[in-house]
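Architecture and fold: a report
This is what each chain is made of:
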Amino acid sequence: MSAENAPSVPLLIDGKLVQSRTSQWREIRNPATQELLARVPLSTPEELNAAVASAAKAFKTWRNAPIGTRARIFLKYQQLIRENMKEIAAVLTSEQGKTLADAEGDVFRGLEVVEQAANIGTMQLGELARNVATGVDTYTLLQPLGVCAGITPFNFPAMIPLWMFPTAISCGNTFVLKPSEQDPLSTMKLVELAMQAGIPPGVLNVVHGTEEVVNGLCDHPDIKAISFVGSTRVGNHVYHRAIKSGKRAQCMMGAKNHVVVMPDAPKEQTLNALIGAGFGAAGQRCMATSVVIFVGESANWIPDFARKAQALKVSAGHEPGADLGPVISRSAKQRILGLIEEGLAQGAKLELDGRNGKVAGYEAGNFILPTLFSGVKPEMKIYEEEIFGPVLCTLSVPTLDDAIELINRNPHGNGTGIFTRSGGVARKFQEEIDVGQVGINVPIPVPVPLFSFTGSRASKLGDLGPYGKQAVLFYTQTKTVTSRWFDETVESGAVNTTISMR
Ligand code: NAD
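Residues numbered from 1 in each chain as written. Predicted model: local features only at pLDDT ≥ 70, side-chain atom pairs only at ≥ 80, totals over all residues. Heavy atoms only, no water.

Structural notes on the sheet that holds strand 22 (residues 476–484)
Our working definition: Pairing between two strands is assigned when DSSP locates at least 2 bridges connecting them. Numbering of helices and strands runs from the N terminus; a helix is a DSSP stretch of H or I covering at least four residues, while a strand is a stretch of E covering at least two. Working convention: axes come from line fits to C-alpha atoms, limited for helices to the stretch in contact. Angles between N-to-C directions cover 0 to 180 degrees.
Spatially, 3 strands are ordered 5-6-22 in an open sheet, and the strand pairing comes out antiparallel. In this open sheet, the two strands that pair with only one neighbour each are strand 5 (128–133) and strand 22. Pairs of neighbouring strands in the sheet enclose a mean axial angle of 30°, with direction left out of account. In terms of strand pairing, strand 6 (residues 136–144) meets strand 22 through 9 bridges, oriented antiparallel. Its bridge partner being in strand 22, Asp137 is matched across the sheet by Ser483.

Have a look at this one:
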């Protein structure tokens, strides 16, 4: 298929799927085969303005939509997502590369947030204190902000858009979404289902693009809040640009997730968990295990670790039995291969070399086989940078204190974990570690939406995280009302010129 004949991804403006008038397009290719799937526009400034104007207009009525109306839309939406799960997962695998089972997991983790959005009636409650002074009550209203915008990464094209617009919209806001330009097709399937579920025209809009469109969202005077998930470099830029124009911003960013293996940990379960967390989704999860710290004698497990990793089946995501698929693009593959070279040059030892592995039937795919380094040092580039591929760094230290110190010294603070049979050791780790998500014998501790996703240090900017209670606070403005109803049967007192309430 030539680029001109490829289907073009529409924008969603004012409830209508429309074609962009831009002259700039990007190709979307299947990372296992390089097949051209579609082309995505880089929206023009006029299209961005039209999307924001539609959202601003829709906010005037949507902000007053009753709780029941909002809840029922998301009840319907969760049903539609369930009914279309396999279809969305198939599209996701074709454009992103992850296995079908993992693509379903991607949709499912987003679906959990939609379920919470249907529960907005109990999530958006204010507080009331009766008789703060005689006959005076104080209460809070959690009111929607207005137009909010979301900018999402390539690695979870279902889950991460669903972290954003369902909660924002169920709180009474309207939304402009800018999906990843690398794999917007599954996101658009979810957007179409959201419209089918009854989200009114203008309440959800979609523009496409990269830097220029993102900057346009950060600067737009009618946008009140920006949610961003992606790399640390871009997230820092988005955060500072957005707050400079007076917006709220939440930016969830890059990671280097360390897992500590204590010598008392159950060996088979621990190694299996680490292999799944390190190499699943080809290491392209923000919560992927990227550094394993073996404490004391657990370092003797490295050869068995390498053997298990080597046994993983690498193939196109739709192939039965595939454990991991390709990385997202040719340029991502080149960047990862460059980092592996750098690791070797700086003296790390390759226990498993996945650079030249061939995947039968998919010779053109962006495949890298599981790759394992030992003897990694903190000053090496493979340790300093987020590799975001199926490449795991391991190092060994004598004590738990050394491991904790190392992790807390790393700039990133997204996820971490410890494997041990000792409750005391796990509790010490949980208390002393400065990382947002902590797993105890759980390799990828992404919280369910009864809680909120978090992060510390370079992995997060902004106080409030996505989904759960924190997201409801992020997408609402708290207003306090202090109210008195005069009892006209009681004689009026004297004039009160003080600040105290009586
Ligand atoms: P990315 O930062 O390249 O892109 C994210 C978004 O920013 C995309 O929509 C993209 O179009 C836009 N963008 C890209 N370059 C830009 C620029 N120069 N100016 C303005 N906008 C720009 O991230 P990615 O490669 O799509 O995703 C992978 C990254 O996301 C990894 O670092 C991963 O750790 C991180 N991530 C973090 C979390 C988390 O919750 N902390 C979750 C998922 C992914």
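Considering the packing of helix 10 (residues 267–279) against helix 11 (residues 302–310)
How we decide: Note that the term roughly parallel is reserved for angles under 35 degrees, roughly antiparallel for angles over 145, roughly perpendicular for angles of 65 to 115, and oblique for everything else. Left-handed describes a crossing whose near helix is turned anticlockwise from the far helix through less than a right angle; right-handed describes the clockwise counterpart. Any two residues whose heavy atoms approach within 4.5 Å are treated as being in contact. Each residue is assigned to one of three groups, with Ala, Val, Leu, Ile, Met, Phe, Trp, Tyr, Cys and Pro labelled nonpolar, Asp, Glu, Lys and Arg labelled charged, and all others, Gly among them, labelled polar.
Contact geometry of helix 10 with helix 11 gives a least axis separation of 10 Å together with a crossing angle of 50°. Classified by the interaxial angle, the pair formed by helix 10 and helix 11 is oblique. Here helix 10 runs over helix 11; the crossing is right-handed. In this structure, helix 10 uses Lys267, Glu268, Leu271, Asn272, Leu274, Ile275 and Phe279 to contact helix 11, whose residues at the interface are Asp304, Phe305, Lys308 and Ala309. When grouped by side-chain class, the residues that make up the contact of helix 10 with helix 11 number 6 nonpolar, 1 polar and 4 charged.

A few points about the site of the ligand
For clarity, the cut-off: A cutoff of 4 Å decides nearness: a residue is near a molecule or strand if any of its heavy atoms lies inside that distance of it. A 3.5 Å cut-off defines polar contacts: any pair of N or O atoms within that distance qualifies, except that in protein one atom must be a possible hydrogen donor and the other a possible acceptor, and neighbouring residues in sequence count only when both atoms are side-chain atoms.
The ligand sits among 28 residues. The nearest are Thr152, Lys178, Glu181, Ser231 and Glu386. The side chain of Lys178 places a nitrogen or oxygen atom 2.8 Å from an oxygen atom of the ligand. Counting only elements with at least two residues in the shell around the ligand, the list comes to helix 6 (159–170), helix 8 (211–219) and strand 10 (223–229). For the shell around the ligand, a count of residues per class yields 15 nonpolar, 9 polar and 4 charged.

Let's talk about the side chain of Asn366
Mapping Asn366 onto the fold places it in the loop between strand 14 (349–352) and strand 15 (371–374). For Asn366, the side chain forms a polar contact with the side chain of Gln34, separated by 2.8 Å. Among all residues touching Asn366, those that are not within four sequence positions of it are Pro31, Gln34, Pro326, Val327, Ile328, Ser329, Arg330 and Lys333.

As for the packing of helix 2 (residues 67–83) against helix 6
Each pair of packed helices can be described by the angle between their axes along with the distance between the axes. Two numbers describe how helix 2 lies on helix 6: the axes approach to 9 Å, and their chain directions differ by 155°. Here helix 2 is positioned roughly antiparallel relative to helix 6, judged by the angle of their axes. Seen from helix 2, the contacting residues are Arg70, Phe74, Tyr77 and Ile81; seen from helix 6, they are Leu162, Phe165, Pro166, Ile169 and Ser170. Of the residues contributing to the contact of helix 2 with helix 6, the split by class is 7 nonpolar, 1 polar and 1 charged.

Focus on helix 3 (residues 85–96)
The test is simple: For a helix, the expected span equals 1.5 Å multiplied by the number of residues minus one. Using a 1.4 Å probe on the protein chains alone, a residue whose accessible area is under 20% of its type maximum counts as buried, one over 50% counts as exposed, and one in between counts as partly exposed.
Compared with an ideal rise of 1.5 Å per residue, which puts 12 residues at 16 Å, helix 3 spans 16 Å between its outermost C-alpha atoms and is within 8% of the ideal. Of the residues making up helix 3, those classed as buried are Met85, Ile88, Ala89, Val91, Leu92, Thr93, Glu95 and Gln96. For helix 3, the elements touching its buried residues are strand 3 (25–29), strand 4 (36–41), helix 2, helix 4 (100–117) and helix 7 (185–196). Residue Gly97 follows helix 3 closely and has a positive phi angle near 105°.

Examining the nonpolar core
In a soluble, globular protein the nonpolar side chains are often hidden away together inside. As a reminder of what qualifies: To define a nonpolar core, start from buried Ala, Val, Leu, Ile, Met, Phe, Trp, Tyr and Cys residues and group those joined through side-chain atoms within 4.5 Å.
Judged by nonpolar contacts, the single largest core of 65 residues is most densely connected at Tyr77, Ile81 and Phe175. With 8 residues, the single largest contributor to this core is helix 6. In contact with Tyr77, not counting residues within four places along its chain, are Val114, Leu162, Phe165, Leu190, Val191, Leu193, Ala194 and Ala197. Counting residues in hydrophobic clusters, the runner-up holds 63 residues, among them Leu274, Ile293, Ile336 and Ile404.

What about the packing of aromatic side chains?
This is how the line gets drawn: Here is the rule: rings of Phe, Tyr and Trp (six-membered ring for Trp) pair when centre to centre is within 6.5 Å. Planes less than 30 degrees apart are stacked, more than 60 are edge-to-face, and the remainder are tilted.
On inspection of all chains with the given rule, the structure shows 7 aromatic pairs. A centroid spacing of 6.1 Å and a plane angle of 80° characterise the contact between Phe294 and Phe305, whose relative ring orientation is edge-to-face. Of this pair, Phe294 sits in strand 13 (residues 289–295) while Phe305 sits in helix 11; the two residues are 11 residues apart in sequence, bridging distant segments of the chain. For the residue pair Phe294 and Phe305, the accessibility class agrees, reading buried in each case.

A closer look at the side chain of Ser43
As for its placement among the helices and strands, Ser43 is situated in the loop between strand 4 and helix 1 (45–62). Polar side-chain contacts of Ser43 include one of 2.8 Å to the backbone oxygen of His208. Here Ser43 is in contact with Leu11, Ser20, Val207, His208, Gly209 and Val213, once residues within four sequence places are set aside.

With respect to the sheet that holds strand 13
Taken together, the 7 strands give an open sheet; going across it, the order is 14-15-16-13-12-18-19, and neighbouring strands pair in mixed fashion. The open sheet is flanked by strand 14 and strand 19 (437–440), the only strands paired with a single partner. When the angles between neighbouring strand axes are averaged without regard to direction, this sheet yields 25°. Note: strand 12 (residues 257–261) against strand 18 (residues 415–419), 4 bridges, orientation parallel. Paired with Val261 across the two strands is Phe419, which belongs to strand 18. Docked against the sheet, helix 12 (residues 330–345) engages strand 14, strand 15 and strand 16 (391–397), running at close to 25° with respect to strand 15.

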